[in-house]
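# Analysis of the macromolecular model
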Amino acid sequence: QVQLVESGGGLVQAGGSLRLSCAASGGTFSTYTMAWFRQAPGKEREFVASISRRGIITDYTDTVKGRFTISRDNAKNTVYLQMNSLKPEDTAVYYCAADRANAFGSRAETSYDYWGQGTQVTVSS
């Protein structure tokens, strides 16, 4: 049983920053490719960012590239998403996910085996 728990969401003004955290338990964290997805009201869940097992390879969707940074600390079993220059369009529930099978990330949510419950991020204008 693998459990992922997100934290760090909240309400911020446009241009502000947040750092999301996802703490993992019940598995071997360092063997998982990790990713962040998000789902805005009335929209489908979309890929945000992924990071390889050692944290060397990262991938970002174009709309967040240059503003968001994904990182991980395997000693703490935690993955992070640093979110800068936030826009109202970033408002969504953010989910972390773990992939056991691949050495580095996929953008397809079907690639991921474990999911957190999500944390709300709201950006006001």
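Preceding block: the structure.
Residues numbered from 1 in each chain as written. Predicted model: local features only at pLDDT ≥ 70, side-chain atom pairs only at ≥ 80, totals over all residues. Heavy atoms only, no water.

### Considering the nonpolar core
Core analysis: the biggest nonpolar cluster contains 28 residues, and W36, L81 and Y94 have the highest contact counts within it. Of all the secondary structure elements, the ones that give two or more residues to this core are β3 (18–25), β4 (33–39), β5 (46–51), β7 (68–73), β8 (78–83), β9 (92–99) and β11 (119–124). Within the second largest apolar cluster, five residues are counted, among which are A35, F37, F47 and A97. (Core = buried A, V, L, I, M, F, W, Y, C linked by side-chain atoms within 4.5 Å. Buried < 20%, exposed > 50% of the residue type's maximum accessible area, 1.4 Å probe, protein only. Helix = DSSP H or I, 4+ residues; strand = E, 2+ residues; numbered from the N terminus.)

### Overview of unusual backbone geometry
The phi torsion at N77 lies on the positive side, around 55 degrees, for a residue other than glycine. Note on placement: N77 falls in the loop between β7 and β8. Taking relative accessible area as the criterion, N77 reaches 28% and is therefore assigned partly exposed. Look at S85: it is not a glycine, yet its phi comes out positive at around 50 degrees. Examined against the element boundaries, S85 turns out to sit in the loop between β8 and β9. With relative accessibility at 40%, the residue S85 sits in the partly exposed group.

### Some words on the environment of S85
Separated by 35 residues in sequence, S85 and S50 place their C-alpha atoms 19 Å apart. When sequence neighbours within four positions are dropped, the list of residues in contact with S85 reads G15, G16, S17 and R67. (Contact = heavy atoms within 4.5 Å.)

### Some remarks on the sheet that holds β3
With antiparallel pairing, four strands are arranged side by side in an open sheet as β1-β3-β8-β7. With one partner strand each, in any of the chains shown, β1 (3–7) and β7 form the two edges of the open sheet. When the angles between neighbouring strand axes are averaged without regard to direction, this sheet yields 15 degrees. (Pairing = 2+ DSSP bridges. Axes fitted to C-alpha atoms, helices over the stretch in contact; angles between N-to-C directions.)

### Describing the packing of aromatic side chains
Using the criterion set out here, one finds five aromatic pairs in the structure. Aromatic rings pair up to connect F37, F47, Y112 and W115 into one cluster. Seen from the ring of Y95, R45 lies directly overhead, with NZ or CZ sitting 4.2 Å from the centre. In this arrangement the basic side chain of R45 is found over the ring face of W115, its NZ or CZ atom lying 4.9 Å from the centre. (Phe/Tyr/Trp six-rings, centres within 6.5 Å; stacked < 30°, edge-to-face > 60°. Lys NZ or Arg CZ within 6 Å of the ring centre and 35° of its normal.)

### Let's talk about the environment of T61
As for its placement among the helices and strands, T61 is situated in the loop between β6 (58–60) and β7. For T61, a relative accessible area of 14% translates into the label buried. C-alpha of T61 to C-alpha of S50: the two residues are eleven residues apart in sequence and 9.3 Å apart in space.

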